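Single-letter residue listing:
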Amino acid sequence: MFLFQKHFDDLLSLLFPNLCCGCGASLYAGESQLCSSCLYHLPYTDHHLHQENRVARQFWGRIPCHAAMAMLFFRKEGNVQQIIHHLKYSNRPELGVKLGQLLGERLLLSPYYQNIDLLIPVPLHKKRERKRGYNQSAGIADGIAKVLQLPMSSAHLLRKVPTDSQTKKGRSLRFENMSKAFEVRNEEALQGKHILLVDDVLTTGATLEACGLELLKYGVDKVSFATLAFVG
Ligand SMILES: [Zn+2]
């Protein structure tokens, strides 16, 4: 029944893009993707105002990142889960841009994200991206870049290995796989830069850690992380 409901919701959102991605309510003129009530009531973390937040602490001792944050708490069965589901599986790349703009508005108010040079989204493997039609993290990075008026590039970091079925592996094994999963390209343009890496959902942090460490190997000065939601 639950599965049926999910497919039914997906079909509805394809047929009626004027429904809120969080709660399914009809959108009014001037609203896009999310209704005003969802926008107001989403579980915001306010991490951007605190350098030592729970997401940043997760990376202590793993990678020297300048700042790290998630905009939302990810709760099972909540609106955030619905939103992330739509972001990934309902062919709505513009939802990522909208969420990125919300995230960017927060980063604008943060003292810790003022010297960013370039945004880089966590890449999908090209097969996965072809199947989905878009990289949802690139959409988020696009939205942030618009608000912060900074460049965004998908050309510097590639995912070489499809990293499926990671969930059942232990943390060290997962990291072992991850550390070989990414490749830096055109590194001349990254020298001495402060890079903001952008991802959708943070769980163990293994992906961002691996991407960040790879970038730091190639002369990047600083890395910071911004994610939409974190499971914690
Ligand atoms: Zn809503």
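Residues numbered from 1 in each chain as written. Predicted model: local features only at pLDDT ≥ 70, side-chain atom pairs only at ≥ 80, totals over all residues. Heavy atoms only, no water.

**Regarding the coordination of the zinc ion**
Ideal values differ by geometry: the angle at a metal is 109.5 degrees with four tetrahedral donors, but 90 or 180 degrees with six octahedral donors.
Then step 1. Around the zinc ion, the protein contributes the donor atoms Cys20 (SG), Cys23 (SG), Cys35 (SG) and Cys38 (SG), which lie 2.3 to 2.4 Å from the metal centre.
Then step 2. Taken together, the four donor atoms coordinating the zinc ion span angles of 105 to 112 degrees at the metal, a pattern that classifies the geometry as tetrahedral. (Donors = N, O, S within 2.8 Å, 3.2 Å for Na, K, Ca; no water. Tetrahedral: all angles 85-135°; square planar, octahedral: opposite > 155°, others 65-115°.)

**Some remarks on the environment of Tyr134**
Then step 1. Along the chain, Tyr134 falls in the loop between helix 6 (126-132) and helix 7 (136-148).
Then step 2. Non-local contacts of Tyr134, meaning those with residues more than four positions away in its chain, are made with His86, Leu87, Lys88, Tyr89, Ser90, Asn91, Arg92, Pro93, Leu124 and Glu129. (Helix = DSSP H or I, 4+ residues; strand = E, 2+ residues; numbered from the N terminus. Contact = heavy atoms within 4.5 Å.)

**Examining unusual backbone geometry**
Then step 1. Positive phi, normally seen in glycine, also occurs at Gln149, with a value near 55 degrees.
Then step 2. Tracing the backbone shows Gln149 in the loop between helix 7 and strand 3 (157-159).
Then step 3. Positive phi values are uncommon outside glycine, yet Asn186 reaches one of about 50 degrees.
Then step 4. Within the secondary structure layout, Asn186 lies in the loop between strand 4 (182-184) and strand 5 (194-202).

Function-wise, these values are silent; they only describe arrangement.
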